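Overview (structure and organization)
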Amino acid sequence: FFLPLAVPMLLFGADMRRILAGTGRLLLAFVIGAVGTSLGTVGALAMVPLSSLGDEGWKIAAALCARHIGGAVNYVAVAEALHISPSITGAGLAADNLTCAVYFAAIFWMSTRASAVENAAAASAGGEEASEDGDEKKKSFSVERACWSLALSGVICYAGSALARVLGSSGLELPLITAIIVLLASVFPKAIGGLEGVGEALAAIVMHLFFATVGAAGSVSQMIATAPSLFVFCLLQVSLHLGFILIVGKLARFSLPELLVASNANVGGPTTAAGMCATKGWRGLLCPAMLIGILGYSTATFIAIAFGNAVLRAMTLAVAA
C-alpha cells in the first residue's frame with residue numbers, strides 16, 4: 001500500500017524542461033549507458049536464458065533492465081506491472097544487491113585512473129552553484145511541507161489507481177502514477193518542485209520499509225536455491241553495460257569521470273551518482289548527475305516494459321520453441 005506513495009515523492013523534481021536544459025553533456029552519456037543496459041540485457045539473456053523461471057524469466061530480465069536504467073523504484077514498478085511472483089522478485093533483488101556491491105567497487109577503482117586534467121574538468125564550477133542551491137532545498141524540511149507532500153502523493157496515487165481500473169489492468173497503476181507526476185512536475189515546476197527535498201526524504205523512509213519487508217521474505221540462500229542463474233545474469237548485464245558505456249563513451253570523447261558518473265546514475269540512481277561526485281570532488285558534475293538520475297526514474301519503467309514485451313519476451317519464446 002505504501003510503496004506507490006513513494007513514486008510521486010521521488011519525482012517531485014521531474015521537470016523535463018529543467019532536466020534537458022541542465023544536464024549538458026552528461027545527458028548523452030546517460031543515454032549511451034541506457035542503451036548499454038538494454039543491449040546488456042539482451043546479451044545476458046542470450047547467454048543465460050533463465051529458462052528455469054519459465055514465463056517469469058523475461059519478466060525479471062525486464063525488471064532488472066529498469067533497475068539499471070533508473071533505480072530500485074523502477075524495478076518494483078516493472079515487477080508489479082508484469083505480475084512477477086514475490087519469490088522471484090526477492091531473488092532478483094538479492095542478485096542485484098550482490099552485483100551492485102561488485103559494480104560499485106569496480107567503478108570507484110576505475111575512478112582512480114582518471115587523469116589530473118579530467119579530475120580538474122569534473123571539479124570545475126560549472127554545476128557548483130546549482131548543486132549548492134539543490135542542497136539547500138533538500139535541507140528545507142517542515143511538518144507543513146511533509147503533509148503537503150503526502151497529501152499530493154496520495155491524490156496522484158488515487159488518480160493513477162482509478163485510471164488503471166478504468167483501463168482494466170492493475171499492473172498499469174505504477175506506470176500511470178509515474179506519468180501523472182512527471183506531467184504535473186513539468187507543467188507546474190515551481191509548485192511541485194518546491195516539495196522535492198521533503199518528498200525525497202519521505203520516499204526514502206517508505207522505500208527502506210518496503211525493501212526491509214522484501215528482504216525479510218528472501219535472502220541470498222533463497223536466491224541460490226530458487227534461481228542461481230539470476231546472479232550470473234545480473235552480473236553479465238551490468239558488466240556489458242559498463243563495457244559498452246566505456247568503449248562508446250571514449251569514442252564519443254567523454255572523460256572517464258563523466259562516463260563513470262553517468263553509469264552510476266544508470267545502475268545506482270541519482271543518490272549514488274551524486275555521492276560519487278561529492279566523494280571524488282567532481283562538483284561540476286554533481287547537479288547534472290542528480291538530474292539525469294531523476295530522468296532515469298521518470299523513464300525507465302516505460303522503457304523496460306516496452307523493451308521486455310517487444311524483445312525479451314520474443315527471445316524467451318524463441319528459446320522455448
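Residues numbered from 1 in each chain as written. Predicted model: local features only at pLDDT ≥ 70, side-chain atom pairs only at ≥ 80, totals over all residues. Heavy atoms only, no water.

1. Focus: the overall build of the protein
The number of helices and strands found in the protein is 17 helices and 0 strands. Per-residue burial over the protein gives 52% buried out of 321 residues. By sequence separation, contacts in the protein at least 24 residues apart represent 83% of the contacts at least 6 residues apart. Looking at the protein as shown, the accessible area adds up to about 13,600 Å², and 70% of this sits on carbon and sulfur atoms. (Helix = DSSP H or I, 4+ residues; strand = E, 2+ residues; numbered from the N terminus. Buried < 20%, exposed > 50% of the residue type's maximum accessible area, 1.4 Å probe, protein only. Contact = heavy atoms within 4.5 Å. Areas by Shrake-Rupley, 256 points an atom, 1.4 Å probe, with all protein chains shown as cover.)

2. Focus on the packing of aromatic side chains
Enumeration over the complete set of coordinates arrives at 1 aromatic pair. With a centroid separation of 5.2 Å and 65° between ring planes, the pair formed by Tyr103 and Phe104 is classed as edge-to-face. Residue classification places Phe104 among the partly exposed residues on the basis of a relative accessible area of 21%. (Phe/Tyr/Trp six-rings, centres within 6.5 Å; stacked < 30°, edge-to-face > 60°.)

3. Section: unusual backbone geometry
One non-glycine residue, Leu50, adopts positive backbone phi at about 60°. By relative accessible area, Leu50 is classed as buried at 3%.

4. A short note on the confidence of the model for the protein
For the protein, mean pLDDT is 86; residues scoring 70 or higher make up 88% of the total. Between residues 127–135, whose pLDDT stays under 50, and residues either more than four places distant or in other chains, the model counts 10 contacts. (pLDDT = per-residue confidence, 0-100.)

5. Quick notes on the packing of helix α1 (residues 3–10) against helix α9 (residues 143–167)
Helix-helix packing is described using two parameters, namely the angle between the two axes and the distance between the axes. The interhelical angle for the contact between α1 and α9, taken along N-to-C directions, is 115°, at an axis separation of 8 Å. Considering their axes alone, α1 and α9 lie roughly perpendicular with respect to each other. Relative to α9, α1 is oriented so that their crossing is right-handed. For the pair α1 and α9, the contacting residues are Pro4, Leu5, Pro8 and Met9 in the first and Ser149, Leu150, Ser153, Gly154, Ile156 and Cys157 in the second. (Axes fitted to C-alpha atoms, helices over the stretch in contact; angles between N-to-C directions. Parallel < 35°, antiparallel > 145°, perpendicular 65-115°, else oblique. Left-handed = near helix turned anticlockwise from the far one by under 90°.)

6. Structural notes on a nonpolar patch on the surface
A cluster of nonpolar side chains, contributed by Leu28, Val31, Val35 and Leu39, occupies part of the molecular surface with about 330 Å² of accessible area. By secondary structure assignment, the location of Val35 is in helix α3 (residues 25–47). (Patch = residues over 30% accessible without salt bridge, like charges linked within 9 Å, V, L, I, M, F, W, Y side chains within 5 Å. Salt bridge = Lys/Arg side-chain N within 4 Å of Asp/Glu carboxyl O.)

7. Concerning the environment of Thr316
Mapped onto the elements of the fold, Thr316 is located in helix α17 (residues 286–320). With sequence-adjacent residues up to four places away left out, Thr316 is seen in contact with Leu45, Gly54 and Trp58.

8. A few points about the side chain of Thr23
Within the secondary structure layout, Thr23 lies in the loop between α2 (16–22) and α3. Of the residues examined, Thr23 reaches a relative accessible area of 3% and is grouped as buried. Those residues in contact with Thr23 that lie beyond four places of it in its chain are Pro288, Leu291 and Ile292.

9. Considerations on helix α4 (residues 56–67)
In this model, α4 (12 residues) spans 16 Å end to end at C-alpha, consistent with the 16 Å of a helix rising 1.5 Å per residue. Of all 12 residues that make up α4, 12 are buried, and the element is covered over most of its length. Every buried residue belonging to α4 is among Glu56, Gly57, Trp58, Lys59, Ile60, Ala61, Ala62, Ala63, Leu64, Cys65, Ala66 and Arg67, and all of these are buried. In this structure, the buried residues of α4 make contact with α3, α5 (72–81), α6 (86–111), α14 (229–251), α15 (256–267) and α17. (Expected span 1.5 Å × (residues − 1).)

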